[in-house]
Amino acid sequence: MKRIDWILLFSYLGINLIVWLIYFFDLYNKEFISEFYFAIPFVFVFLIFDVYHKRLWNKKILLIWGIIGIAQLIIYYSLKDLPELQAVNGNHLVWLKALPLTILTSYTLNLINQYKYGDNFIVTSMRLNPDRIDSKVGRKLRPADYVFSLIGFMIIIFGTIFTN
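Heads up: these notes are all about the structure in this document. (Residues numbered from 1 in each chain as written. Predicted model: local features only at pLDDT ≥ 70, side-chain atom pairs only at ≥ 80, totals over all residues. Heavy atoms only, no water.)

So, unusual backbone geometry
Even without glycine at this site, aspartate 26 takes up a positive phi of about 55°. Looking at where aspartate 26 falls in the secondary structure, it is placed in the loop between helix H1 (3-24) and helix H2 (30-36). (Helix = DSSP H or I, 4+ residues; strand = E, 2+ residues; numbered from the N terminus.)

Overview of the packing of helix H3 (residues 39-51) against helix H6 (residues 143-161)
Interhelical geometry of H3 versus H6 gives an angle of 160° and a closest axis separation of 11 Å. For the element pair H3 / H6, the angle class is roughly antiparallel. Note that H3 runs across H6; the crossing there is right-handed. Contact residues: H3 offers Val45, Phe46, Phe49 and Asp50, while H6 offers Ser149, Gly152, Phe153, Ile156 and Ile157. Grouping the constituent residues of the contact of H3 with H6 by class yields six nonpolar, two polar and one charged. (Axes fitted to C-alpha atoms, helices over the stretch in contact; angles between N-to-C directions. Parallel < 35°, antiparallel > 145°, perpendicular 65-115°, else oblique. Left-handed = near helix turned anticlockwise from the far one by under 90°. Contact = heavy atoms within 4.5 Å. Nonpolar A, V, L, I, M, F, W, Y, C, P; charged D, E, K, R; others polar.)

Some details on the side chain of serine 106
Its location among the elements puts serine 106 in helix H5 (residues 98-117). Excluding its chain neighbours within four sequence positions, the residues that come into contact with serine 106 are Phe49, His53 and Leu56.

Side note on helix H4 (residues 59-79)
With 21 residues, H4 ought to run about 30 Å at 1.5 Å a step, and its terminal C-alpha atoms sit 30 Å apart, in line with that. Every buried residue of H4 is accounted for by Ile61, Leu62, Trp65, Ile68, Gly69, Gln72 and Tyr76. Buried residues of H4 fall within an arc of 130° about the axis and therefore sit on the same side. Exposed and oriented more than 90 degrees from the buried face of H4 are Lys59, Leu63, Ile67, Ile70, Ile74 and Ser78. (Expected span 1.5 Å × (residues − 1). Buried < 20%, exposed > 50% of the residue type's maximum accessible area, 1.4 Å probe, protein only. Arc of directions from axis to C-beta.)

These results come straight from atomic positions and should not be treated as a statement about function.
In structure tokens form, the structure reads like this:
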């Protein structure tokens, strides 16, 4: 594992742990934490899908993030019915489902791309120039990269919000 893997992993786990400890020990307004907790997984999920997605081509890293995602699903389904975590539009913990969905979506789209083209899928949200050659992979972006990127973002957003 590279340094960036450790930084992202420990920052993700550390920030979540700190927020949960603050919430559990009532060190700050619980209502504020409940309402704005979504920002942490939301930001990290899009960082992982867009910026960090090439690291998920490594099976070991994919496995580590997959295990964290499964742990989050267990936490979500264990705590989702607590009255203090209910919101008008569902539950304040709904974004805990985003990481496992992101990992699964990225993995599935990469498998489809490998089957169809023989190489890995590149997320294109920040790379809108189709003639640009990806520096790490050394190939031009394909229309499939754009389509898969849009599909991936839509699955993550709508799959997280509209599923129970």
